[in-house]
Amino acid sequence: MLHMEEKEAKQLGHELPVLLDAAGLGTLISRNQDLLVAFQTINSRWSTEIRYSGGGSNSRDSERFLQDSRVLLIWLRTESKS
């Protein structure tokens, strides 16, 4: 896995798939269907709904987004230690 400086990560931060690939994790996540679906859901919401629309989400959608984010974060922490 590649080491990425915080500055570089911030520059890539608006494009989550690019950031994941730059960190060397794109291929790994694609091997786990559940994580890939969670990541795609997060990316879709992050790219459009959250950053640009400013619109509210219902509590069910918000809870799913948070759960997907938690699962992905745990996986990223585990992978970053290997």
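Anyway, here's the lowdown on the structure attached to this text. (Residues numbered from 1 in each chain as written. Predicted model: local features only at pLDDT ≥ 70, side-chain atom pairs only at ≥ 80, totals over all residues. Heavy atoms only, no water.)

For side chains of opposite charge, pairing can occur when their charged atoms come near one another. Taken as a whole, this structure holds 2 salt bridges when the rule is applied. Here Arg 70 ties to Glu 63 by a salt bridge, and the two come within 3.6 Å at their closest N and O atoms. Residue class for Glu 63 comes out partly exposed when judged on its relative accessible area of 44%. The partner of Arg 64 in a salt bridge is Asp 68, with the nearest N and O atoms 3.7 Å apart. (Salt bridge = Lys/Arg side-chain N within 4 Å of Asp/Glu carboxyl O. Buried < 20%, exposed > 50% of the residue type's maximum accessible area, 1.4 Å probe, protein only.)

Attention now goes to the nonpolar core. Listed in full, the 12 residues of the largest apolar core are Leu 16, Leu 20, Ala 23, Leu 25, Ile 29, Leu 35, Leu 36, Phe 39, Ile 42, Phe 65, Leu 72 and Trp 75. When contributions to this core are tallied by element, the ones reaching two or more residues are helix H2 (16-22), helix H4 (33-53) and helix H5 (59-81). In terms of residues, this core owes the most to one element, H4, which gives 4 residues. With near-sequence residues (within four places) excluded, Leu 36 lies in contact with Ile 29 and Ser 30. (Core = buried A, V, L, I, M, F, W, Y, C linked by side-chain atoms within 4.5 Å. Helix = DSSP H or I, 4+ residues; strand = E, 2+ residues; numbered from the N terminus. Contact = heavy atoms within 4.5 Å.)

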